[in-house]
Amino acid sequence: MDNKDGKKRAHAIALFSGGLDSALAILLTLRQNIEVTALTFMTHFGCDLGDRSSCGSNPYPVAKQYGFNVKLMHLGQKFIDIVENPEFGRGKNMNVCTDCRILMLQEAKNLMELINADFIITGEVLGQRPMSQVRGKMNLIEKRSGLRGKLLRPLSAKLLPPTEAELKHLVDREQLEGISGRSRKRQMELAHEFGLEDYPSPASGCLLTDKGYSNRLRDLLAHTDHLTFNDLNLLRLGRHFRLDDETKVIVGRNEQENKQILSYKKPHHYYIEAKDIGSPITLVLGNTSLENLKKAAMITARYTSAKNQPKVTLLAYNKVNQKELIVPPAKDEDLHYIIIK
Ligand code: SF4
């Protein structure tokens, strides 16, 4: 599409999480009559649209309100690879923010080249996050993603060297912002100016920043050579117990988790439940020897409505076998040593 003066309208690719900063970066760009295509990433670590607790939030309402396109992209195995082996280390938990930003920007660069867009924008704010938004790290990310000069951060642009888009006057630098640090004051003002109301709080983050999830993931990485999608899906569910190097027990915490656990069960997996009383579904992964099934049954019994009885009767099934197990419920002080939390 062309401008009024017949020149090609500049076109930016935006990294768009659906959060306030990335939305404002887009609005500051759109305000200059620049076309914006927003890219929203999904991963197996909670950054998906169905999960409001994650870094991903629904990008469509804002896109509809302000008139820009959104493309969804799942990072799939590429993201799992960096979680297994991050080149630039991890944050406080299992988050791999530097590698993650580089991967997202590389994907955005591919799209930019494919559709002949001119530059990339992000909602990064200088000094806002310790790992990926300090100046040195921002430079590194820009360099490693192959985007030197092509990466514009509209919220902090006035504090950073001019990008190609500014030097070529595709963007008016004067209309961009010079925000730094953790205060959200200026962002709130801008949100008000643009009439942007429903945006997620900045505290939301991906599952890799969650302590409990990170502990379960760390345990899994220590006991497997290769993360599978099924393993990752199960990490989100239930209480996890490590019986030995090979064997893990996952106990559903509610009806919904019980159903989800069953949906991820493979034919060779054993699952355990007590019949006719309130009972979780327990999945046993790894070595399903009778000894391990009994231990898993004791753990399960602890979370049934008969947890104070001396013995509980449970059934362990896989596709071909069914075993009845009569065991005492495990004691909390023993579970303390094997729960992964
Ligand atoms: S918290 Fe870090 S690792 Fe997770 S999606 Fe955001 S940048 Fe990536």
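Anything mentioned here points back to the structure above.
As a starting point, this report considers the structure included with it.

Rules and cut-offs
Residues numbered from 1 in each chain as written. Predicted model: local features only at pLDDT ≥ 70, side-chain atom pairs only at ≥ 80, totals over all residues. Helix = DSSP H or I, 4+ residues; strand = E, 2+ residues; numbered from the N terminus. Contact = placed C-beta atoms within 7 Å. Core = buried A, V, L, I, M, F, W, Y, C linked by C-beta atoms within 7 Å. Buried ≥ 20, exposed ≤ 12 C-beta atoms within 10 Å, placed from the backbone. Domains from an automatic or database assignment.

## Side note on the overall build of the protein
The secondary structure content of the protein amounts to 12 helices and 12 strands. Judged by the C-alpha coordinates and their principal axes, the protein covers about 80 × 35 × 35 Å. Contacts spanning at least 24 positions in sequence make up 61% of the contacts within the protein whose residues lie at least 6 apart.

## Looking at the nonpolar core
Core analysis: the biggest nonpolar cluster contains 82 residues, and A12, A14, I26 and I120 have the highest contact counts within it. For this core, the element with the highest residue contribution is helix α4 (residues 97-114), accounting for eight residues. Residue assignment places this core across two domains, with domain 1 (11-206) and domain 2 (237-340) each supplying three or more. Sequence-distant contacts of A14, that is, excluding residues within four places in its chain, are made with S22, A25, I26, V36, A38, L39 and I121.

## Observations regarding unusual backbone geometry
Phi at N33 takes a positive value of approximately 60 degrees, unusual for a residue other than glycine. Structurally, N33 is set in the loop between α1 (20-30) and β2 (35-42). Owing to 11 C-beta atoms within 10 Å, N33 belongs among the exposed residues under this scheme. Positive phi values are uncommon outside glycine, yet H169 reaches one of about 60 degrees. Its location among the elements puts H169 in the loop between α6 (164-167) and α7 (185-194). A count of 9 C-beta atoms within 10 Å places H169 in the exposed class.

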